Amino acid sequence: MLLPALSGAFGDDAEAIRVGDQRASREELLAAATALADRIAGSDAVAIWATASMETVVAVVAGLLAGVPVVPVPPDSGPAERDHVLRDSAASLLLVPPAVEDGAALAEVRVPVVAVDLDARSSSSYPGPAPESPALILYTSGTTGAPKGAVIPRQAIAADLDALADAWSWTPEDRLVHGLPLFHVHGLALGVLGALRVGSRLAHTGRPTPDAYAAAGGTLYFGVPTVWSRVCADPSAARALSSARLLVSGSAPLPLPVFARLAELTGQPAVERYGMTETLITVSGRADGARRPGFVGTPLAGVETRLVGEDGGPVAPDGESPGELQVRGPMMFRGYLNRPEADRESFTSDGWFRTGDIATVDADGWHRIMGRASIDMIKSGGYRIGAGEVEDALLAHPAVREAAVVGAPHPDLGQQVVAYVVADAASEAQLIEFVAGRIAAHKRPRQIHLMEQLPRNAMGKVQKKLLAGG
Ligand code: MLC
Ligand code: AMP
């Protein structure tokens, strides 16, 4: 069973699940999700307009109950990204909170839209779907092109959550707090399904603001580094977290000064963990183990890792020599939807997943992530953003002739999306707005530099390393 906490065996309380101001007991969540499962059972896949809401939680649980793969759509997606996800996933329905049912964002959607009803109730029962069957299809950016759907099987989620519960001593006694988006691994797979598998309470703060984290009174907190950096900038909010049992950071590198300041203000150093959409979380520090700033921990139970050099040969785990990190384990995805070629490129012939991250590993197995192998993969505020997708969005503007996008170092976001553009008569603000209106607004460039021409080498290839951030 993927979500044993919904079986009733964990007892119940009226506030087991909170999302913003919405509350539900596990029994209410199960009954509402079962009613929706009755409606979607038999579908090949359903999409969810994944706002930070109880409706999203109910819709995801409904898909899991009915054995229907769930495709979360970022609610700030513009039409181009939204239509791509709906078309590529072949979702037969788009589930939405009633508040957005008639909104402008959904005006052009071509699949039937169904509002999630939190008051519906059903007690139907469903046979447990096969462990290897797909649970989630999570769209994620590559270096080029539109996002690809990573197919995540039920057993991968179960294996990952069990390994994390072990590493973090996560139990039903915990109250998990976070305010992360519900369309990615961090906020959804760990932050919602984790609580429903472990049986801990969950308080989602709506947005991950320092004040909301301080007020939530959790024992276990999740955040991306940008969230922790903002918490540190608000010392009284940070001090309120000193009663928590464990603060966990992931999705992007936690800067050393943020690690140190957070430890100083809260009295406890954060545990870091590392993962990807495709692999879920594979490496982590332990609640009962050492905390080493700059390191993301050791492999979780069942995970194997290795480093590979540019020549394809093994790299020694000597704590100094960098290599591409490759992983395998029970939490791997099943492949990209409709993308056999991308699958072939992502896995080695002997079955290891190529993460595209450069790492070192020391003699004790502690991993340090040095950065991405490709300059075209950007992490901004914990969001993974492919330079190619943003360049394509810019090039769709009639005035834009050339575009090059890079991730420039940024004190709050880690990296910020910066575009270098050759364009006829278009302002920076117009182009930012144009991109934010086509693809997810969080992928928009925060800065655009208008240029006479882009720096190119003798082959005509844009030299991104000469642009900021390279
Ligand atoms: C801004 N907005 C616009 C806009 N400009 N909307 C339309 N048009 C425009 N021009 C909207 C945004 O949609 C958003 O809406 C709001 O304004 C603010 O957006 P933002 O600028 O992106 O917010 P910011 O403050 O910069 O966000 C910081 C942040 C966020 C940390 C809160 O980046 C975040 O939530 N990051 C978490 C990412 C994450 O979970 N990654 C995990 C990936 S899984 P609205 O509606 O939101 O207010 C993974 C695996 C692993 O990596 O290891 O975990
Ligand atoms: P995503 O697919 O959005 O989950 O992004 C995965 C990428 O996030 C990884 O390939 C890493 O580059 C990065 N990442 C995740 N966690 C960490 C971490 N703790 N430290 C550094 N990078 C991280």
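As the structure is a prediction and not an experimental result, all values here were calculated from the model.

### With respect to the sheet that holds strand S15 (residues 298–299)
- Across the sheet, nine strands lie side by side as S2-S1-S10-S9-S11-S12-S13-S14-S15; this open sheet has mixed pairing. Whereas interior strands pair on both sides, the edge strands pair on one side only; in this sheet they are strand S2 (22–24) and S15.
- The pairing of strand S14 (residues 280–284) with S15 spans two bridges and is antiparallel. If you follow valine 283 over to S15, its bridge partner there is proline 299.
- With respect to the sheet, helix H5 (residues 185–198) is in contact with strand S1 (17–19), strand S9 (175–178), strand S10 (201–204), strand S11 (220–223), strand S12 (246–250), strand S13 (271–276) and S14, its orientation differing from that of S9 by roughly 165°.

### Topic: the site of ligand 1
- Close to ligand 1 lie 25 residues; Arg207, Ser251, Arg273, Lys379 and Gly381 are nearest.
- Between ligand 1 and the protein, one listed contact pairs a nitrogen atom with a backbone N or O atom of glycine 381 at 2.8 Å.
- Glycine 382 places a polar main-chain atom, nitrogen or oxygen, 2.9 Å from a nitrogen atom of ligand 1.
- Shared between two domains, the shell around ligand 1 holds at least three residues of each, these being domain 1 (1–373) and domain 2 (377–466).

### Examining empty space enclosed by the protein
- As enumerated under the stated definition, the model contains one cavity of 30 Å³ or more in all.
- Counted as a void, the largest cavity has a volume near 60 Å³.
- Residue lining of the largest cavity: Phe259, Ala270, Val271, Glu272, Gly285, Ala290, Arg291, Arg292, Pro293, Phe295 and Trp366, and that is the complete set.
- Grouping the constituent residues of the lining of the largest cavity by class yields seven nonpolar, one polar and three charged.

### A short note on the domain arrangement of the protein chain
- Segmentation of the protein chain into domains returns domain 1 (1–373) and domain 2 (377–466).
- In this assembly, 27 residues from domain 1 lie in contact with 23 residues from domain 2.
- Contact with domain 2 buries surface across domain 1, with Asp76, Glu81 and Ser141 losing the most and accounting together for 26% of the total.
- Connecting domain 1 to domain 2 are three salt bridges.
- Glutamate 81 serves as the salt-bridge partner of lysine 443, at 3.0 Å between the closest nitrogen and oxygen.
- Counting residues per element, the ones that place at least two in the side of domain 1 that touches domain 2 are helix H3 (79–89) and helix H7 (225–232).
- Grouping the amino acids of the side of domain 1 that touches domain 2 by side-chain chemistry returns nine nonpolar, 13 polar and five charged.

About the criteria used
Residues numbered from 1 in each chain as written. Chains lettered and ligands numbered in written order. Predicted model: local features only at pLDDT ≥ 70, side-chain atom pairs only at ≥ 80, totals over all residues. Heavy atoms only, no water. Pairing = 2+ DSSP bridges. Helix = DSSP H or I, 4+ residues; strand = E, 2+ residues; numbered from the N terminus. Contact = heavy atoms within 4.5 Å. Axes fitted to C-alpha atoms, helices over the stretch in contact; angles between N-to-C directions. Near = heavy atom within 4 Å. Polar contact = N/O pair within 3.5 Å; in protein donor to acceptor, adjacent residues only side chain to side chain. Domains from an automatic or database assignment. 1 Å grid on protein atoms, 1.4 Å probe; cavity = no way out; pocket = protein on both sides within 12 Å on 5 of 7 lines; lining within 4 Å. Points joined across faces, edges and corners; volume = space filled by probe spheres on them. Nonpolar A, V, L, I, M, F, W, Y, C, P; charged D, E, K, R; others polar. Buried area = accessible area lost by both parts, 1.4 Å probe. Salt bridge = Lys/Arg side-chain N within 4 Å of Asp/Glu carboxyl O.

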